Amino acid sequence: MSKLQKETFPYKLNENEIKKKTGKTEEKIIGAKAAVNAEKQPDKEPYPYYDLINSFDSTRFSESLAKQMKKMFGIVPSEAEDEQMYKVLCTVIKDILTTKRVTFKEKMRAQGSKQVYYMSVEFLLGKSLKNHLMNLGITESVTGVLKDLGFDIDKLCDIEQDAGLGNGGLGRLAAAYMDALTSNGYAATGFSIRYDYGIFKQKIVDGWQLELPDEWLNEGGVWLSPRVEDTFEIKFGGRIDQEWSGEGKLIIRHKDYTSVLAVPYDMNVSGYCSSAVNTLRLWSAKAPVDIDLKLFSQGKYVKALESKSYAESISKILYPADNHYEGKSLRLKQQYFFVSASIQSIIKKHLKYNYLSNLHEKVAIHINDTHPALCVPELMRILLDEYSYSWEDAWDIVKKTITYTNHTVMAEALERWPKELFSTLLPRICQITEEIDRRFRGELSEFFKNDYQAVSKNAIIQDNVIYMANLCVAASHTVNGVSALHSNILKESVFRDYFLMRPQAFTNVTNGITHRRWLLLANPGLTKLLIELIGDDFITDASNLKKFEKYKNDKSVLNELDKIKHSNKSKLASYIKSANGLTVNPNAIFDVQVKRLHEYKRQLLNALNILDLYLKLKENPKLDINPRVFVFGAKAASSYTMAKQIIRFIYQLSVLINNDNSINDKLKVVFLENYRVTLAEMIIPAANVSEQISVAGKEASGTGNMKFMVNGAVTIGTMDGANIEIYENVGQDNIFIFGLHANEIADLSQAGYNPTYYYNHNPNLKRVIDMLNGGIAGVGFRDIADSLTIGVYGKADPYFVMADFESYTQAQDRLDKAFNDKIAFNRMSLLNIANAGFFAADRSVEEYAQRIWHIKKI
């Protein structure tokens, strides 16, 4: 394994030595001396925080647990329940990380390092305890200490709940990048909201999704440390008064506003065998005063608590339903709340050691999708109103500091806000955005030679609607997509005119995953095999997975790979039995689609194929196909009616198929509720088949496809997002590609797509659609059938399910036949693992660091 290396500098250094080590100029010498000397002081803690792998002391660690147990609960470990030991263990680990964090910050300050601030409305972390133990390299040692004290590490880890800070790929990517940045020694801070109840805890009742509060803070809050000294005020509503000072400066006064306090909670982010510890800062909304005692004493009890309710609603849940005005208003409040608090925090920290004029030299602010787009006008507001910068100088700082990752080409996902709502909630921000738009229209007009149409369609404000993606592109020095195809679509279509104006601003960084988590934590059996055969270098450099390819024709290795997969499938089968009461066969093909439920991801296409297979088996129970277990996991947005209908359709399929003995257990359908990272860590290593079947041109990248790949699942998918790069890495013989390509989709749309053509010319498809109308296990799905044929809420079949159905079923037939040759299929699995190294987040963050953020390792 990689080892943490202790530096061998003396405990005391003179000024010349410090200057030589740090490269600091004379005026920085005192601070550098303090930083270096502090770093070199002998450890005074009861455990050696700086080199736990080499010098872990079981006795001292046990003493630390006992000391913390006494402090927190007033008992000794032998008296403790599992829940108490869990909290004590987490607290000790948190203290270790915090101590490491102090040292890392001192090194960072001594070097005057630039760091990135990663702004994301989601961070889908999963559980933290096992991840920290793995990164610190002390899993086995801590397991032994706990066993001696009478505790089972697995039971303690089961107590922890997934952090309710995300929902899908956007949040998981943000978490992966924080992990990779820390593992590779970069200084980074993540900013988001401390959602009290996450997005929701999903419960399926008679096929319907119910949304329940996700009370993750009950056990997950142990990792958070409040930093009330960094609380900031956020202002909503009110009015803006302007006046000129005697010195000729414009003075802005925000009056009659509603004040909300942003209280930060910091969470440590550890890296694998790294001296770095970074921070995820989460903002919680509080009222300046919890209760208006005057109103309360007058008997106006509800009104006395209004300000508290108004404030705290902001950080209650992720993605409140926005199909009504109040929901839209709350979402905009959330976005400004976390952006304003974060920018104020960045500025405060920067000014401790620097000047605003060199902000871009020390700070990179990264906007992860359009939710944090308000970083642009908020940074302008602070520079203009609080530090009296001229517009030109402030805009220059903004453009040198901010970068933007686009994650979607779908128009409805490129956020837009009514200007009226903007001006009501954020009057000063609206004024600044209007001025950005006015000046940017001038740039557009100059470039496009007064072409009014070109100016109008690229403006930030169009028809009293504010386009947040346009704001991000206009203000960012670099804009990137997240797969080769996606980045090309941005340049050729979505942001074509912006690309013509500033081609140098556009680039691509294909997404990546935390391969350590998805191998070492999720698939220890496969990890053990890899280490035995190719060594452990792949843990810190995923490109070394390529060494595994030389075993592609070694039958003993292929058989061992099959045993590992079977073991993982057996574990998942046990979970399915306990969670759903259904017995499934581990020898069957485990065909898995787990991801956020959205029509463009086409869980519906998968379900229609299952229904088609079922009907074929009803016609011929002896049909020669391999037994297949179809596994789904997905949450639908609470206001997304069609997505909820699709979940219900999948559920009714499971009722129909799982209770039909005539098909001889050849098909099983499983919907696992409340999909989350921890559940993914069980499902993904068990998958034989990875369903990545989005309509071509709509999935920006995907990261689930990469997690399945590194765990040896074979992809069935379209030429969309990062599927294309997976195809290029594994070769056409080790992936099952089907469906129309993005250019063919565009051509078909332009020619006038008619889904009823496929209904009338494919009898199997017609039979499936007719059954939807007739009912599945007693429940009809006419809305779904109509959406595919004649349209319900818009045009018919907007995601080309009907057009790709035949190609998809043919690909499924090829896959089924391929599975008959176990050696050949296991070889496909091995080649997927061996070629997954490119898709590591380590590679992605290196590209960001070098080409976009311009940051260096500490």
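This structure is a prediction, so every number in the text was calculated from the model and none was measured. Residue indices follow the written sequence of each chain, beginning from 1 at its first position. For a predicted model such as this one, the threshold for reporting local features is a pLDDT of at least 70, and the threshold for listing and counting side-chain atom pairs is 80 or more; totals across whole chains, interfaces and linings nevertheless cover every residue. To obtain the side-chain values, all non-hydrogen atoms of the structure were included, while hydrogens and water were left out.

Before going further, it helps to spend a moment on the overall build of the chain. A tally of helices and strands in the chain yields 38 helices and 23 strands. The globule rule used here is 2.2 Å times the number of residues to the 0.38 power, and the radius of gyration it is set against is calculated over C-alpha atoms. For 858 residues, the compact-globule estimate of 2.2 N^0.38 gives 29 Å, and the chain sits close to it at 28 Å. Structurally, the chain occupies a C-alpha span of about 85 × 70 × 65 Å along its principal axes. Exposure categories follow from relative accessible area, calculated using a 1.4 Å probe and restricted to protein chains: below 20% of the type maximum is buried, above 50% is exposed, and the middle band is partly exposed. Here the chain holds 858 residues, and the buried ones make up 59% of them. Contacts in the chain between residues far apart in sequence, at least 24 positions, make up 76% of those at least 6 positions apart. Per-residue and other accessible areas were derived by the Shrake-Rupley procedure at a 1.4 Å probe size, with only the shown protein chains allowed to occlude residues. Carbon and sulfur atoms form 49% of the exposed surface of the chain, whose accessible area is close to 34,400 Å². The positive count covers Lys and Arg only, the negative count covers Asp and Glu only, and His and the chain ends enter neither. Throughout, a charge is located at the NZ atom of Lys, the CZ atom of Arg, the CG atom of Asp or the CD atom of Glu. Positive and negative side-chain charges in the chain, numbering 106 and 103 respectively, have mean positions lying 2 Å apart. Counting from the N terminus, the helices are DSSP H or I runs at least four residues long and the strands are E runs at least two residues long. Contacts between residues were defined by any pair of non-hydrogen atoms, one from each residue, lying within 4.5 Å.

Turning our eyes to something else, we now look at the environment of Glu532. Along the chain, Glu532 falls in helix α25 (residues 524-534). Separated by 434 residues in sequence, Glu532 and Thr98 have C-alpha atoms that sit 34 Å apart.

The strand order across the open sheet built from 6 strands is β20-β19-β18-β21-β22-β23, with neighbouring strands paired in parallel fashion. Edge positions in the sheet fall to β20 (667-671) and β23 (736-737), since each has one partner strand and no second. Across 4 bridges, the pairing between strand β21 (residues 689-692) and strand β22 (residues 714-717) is parallel. Of the residues in β22, the one forming a bridge with Glu691 is Ile716. When DSSP locates at least two bridges between a pair of strands, those strands are taken to pair.

Once that is clear, we can look at helix α21 (residues 468-475). Along an α-helix, residues three or four apart share an orientation, since each turn contains 3.6 residues. Among the 8 residues in α21, 8 count as buried, and that is most of the element. Within α21 the residues assigned to the buried category are Met468, Ala469, Asn470, Leu471, Cys472, Val473, Ala474 and Ala475.

Our focus in this paragraph is empty space enclosed by the protein. Using a grid of 1 Å spacing that covers the protein atoms alone, one calls a set of points a cavity when a 1.4 Å probe fits there but cannot get out, and a pocket when the set is open and has protein on both sides within 12 Å along at least five of seven lines; lining residues are those with an atom within 4 Å of a point. Grid points are joined across faces, edges and corners, and a volume is the space filled by probe spheres set on the points. Tallied over the full model, the rule gives 7 cavities of 30 Å³ or more. As a volume, the largest cavity reaches approximately 170 Å³. Of all the secondary-structure elements, those providing two or more residues to the lining of the largest cavity are α6 (129-136), α9 (169-183) and β9 (258-270). With 5 residues, the top contributor of residues to the lining of the largest cavity is α9. Each residue is assigned to one of three groups, with Ala, Val, Leu, Ile, Met, Phe, Trp, Tyr, Cys and Pro labelled nonpolar, Asp, Glu, Lys and Arg labelled charged, and all others, Gly among them, labelled polar. Here the residues of the lining of the largest cavity are counted per class, giving 6 nonpolar, 6 polar and 4 charged. There is about 90 Å³ of room inside the second largest cavity.

All right, on to the side chain of Lys668 then. Checked against the element boundaries, Lys668 lands in strand β20. Contacts of Lys668, omitting those with residues within four sequence positions, involve Leu582, Thr583, Val584, Arg628, Val629, Phe630, Ile657 and Asn658.

Moving on to unusual backbone geometry. Trans peptide bonds make up most of the peptide bonds, and negative phi angles are found at most residues other than glycine. The residue Asp206 is not glycine, and still its phi comes out positive at about 55 degrees. With respect to the helices, strands and loops of the structure, Asp206 is situated in the loop between β3 (201-205) and β4 (208-212). Notably, Asp665 is not glycine yet its phi reads approximately 60 degrees, a positive angle. Locating Asp665 in the fold gives a position in the loop between α28 (641-658) and β20.

Attention now goes to the pairing of strand β18 (residues 589-594). Two faces make up the sheet, and in a regular strand the side chains alternate between them. Counted residue by residue, β18 has 6 buried out of 6 residues, so it is predominantly covered. With burial as the criterion, each face of β18 is covered, one bearing Ile589, Asp591 and Gln593 and the other bearing Phe590, Val592 and Val594. Here 6 bridges tie β18 to strand β19 (residues 628-633), and the two strands are oriented parallel to one another. Across the sheet, residue Asp591 finds its bridge partner in β19, namely Phe630. Taken together, β18, helix α27 (residues 603-619) and β19 form a β-α-β motif whose crossover is right-handed. By convention, a crossover is right-handed whenever its connection, traced from the first strand over the helix to the second and viewed with the strands pointing away, goes clockwise.

Before going further, it helps to examine helix α16 (residues 375-386). Compared with an ideal rise of 1.5 Å per residue, which puts 12 residues at 16 Å, α16 spans 16 Å between its outermost C-alpha atoms and is within 8% of the ideal. Summarising burial for α16: 10 of the 12 residues are buried, a large majority. Along α16, the positions that sit buried rather than exposed are Cys375, Val376, Pro377, Glu378, Leu379, Met380, Arg381, Ile382, Leu383 and Leu384. Downstream of α16 by one or two residues, Ser388 has phi in the positive range, about 55 degrees. Expected span of a helix: the number of residues minus one, times 1.5 Å.

When the sulfur atoms of two cysteines share a covalent bond, that bond is a disulfide. Criterion for a disulfide: a pair of cysteine sulfur atoms within 2.5 Å. This model, assessed by the stated rule, comprises 0 disulfides. Take Cys90: it sits in no disulfide, and the sulfur closest to it among the cysteines is that of Cys157, at 7.9 Å. Cys472 supplies the cysteine sulfur nearest to Cys375, a cysteine that is in no disulfide, at a spacing of 8.2 Å.

What follows is about the sheet that holds strand β14 (residues 461-462). An order of β13-β15-β14 is seen for the 3 strands of this open sheet, with the pairing classed as antiparallel. Edge positions in the sheet fall to β13 (416-418) and β14, since each has one partner strand and no second. Across 3 bridges, the pairing between β13 and strand β15 (residues 465-467) is antiparallel. When the bridges of β15 are listed, Trp417 appears paired with Ile466. Lines fitted to the C-alpha atoms define the axes, with helices restricted to the stretch that makes contact. Angles between their N-to-C directions range from 0 to 180 degrees. Running over the sheet, α21 touches β13, β14 and β15 and is turned about 45 degrees from β15.

Quick look at the pairing of strand β7 (residues 239-244) now. Relative to strand β8 (residues 250-255), β7 is paired through 6 bridges, and the arrangement is antiparallel. Looking at β8, one finds that Ile240 is bridged to His254. In this antiparallel pair of consecutive strands, β7 and β8, the connection spans 5 residues, and Gly248 shows a positive phi of 85 degrees.

Turning our eyes to something else, we now look at the packing of α16 against helix α17 (residues 391-401). Put simply, α16 and α17 touch, their axes get as near as 9 Å, and they point 135 degrees apart. Here α16 lies oblique to α17, going by the angle between them. For the crossing formed where α16 meets α17, the hand is right-handed. Residues Val376, Leu379, Met380, Leu383 and Leu384 of α16 form the contact with α17, whose participating residues are Trp391, Ala394, Trp395, Ile397 and Val398. Looking at side-chain class alone, the contact of α16 with α17 contains 10 nonpolar, no polar and no charged residues. Angle categories are assigned with fixed cut-offs, so that under 35 degrees is roughly parallel, over 145 is roughly antiparallel, 65 to 115 is roughly perpendicular, and the rest are oblique. A clockwise turn of the near helix away from the far one marks a right-handed crossing, whereas an anticlockwise turn of less than a right angle marks a left-handed crossing.

Buried Ala, Val, Leu, Ile, Met, Phe, Trp, Tyr and Cys residues that are joined via side-chain atoms within 4.5 Å together make up what is termed a nonpolar core. Core analysis: the largest hydrophobic core is formed by 152 residues, its most contacted members being Phe61, Leu89, Ile93 and Phe337. Element by element, the count of residues in this core is highest for helix α14 (residues 325-351), at 10 residues. Beyond its immediate chain neighbours, meaning those up to four positions away, Leu89 contacts Phe61, Leu65, Leu129, Val142, Leu146, Ile153 and Leu156.

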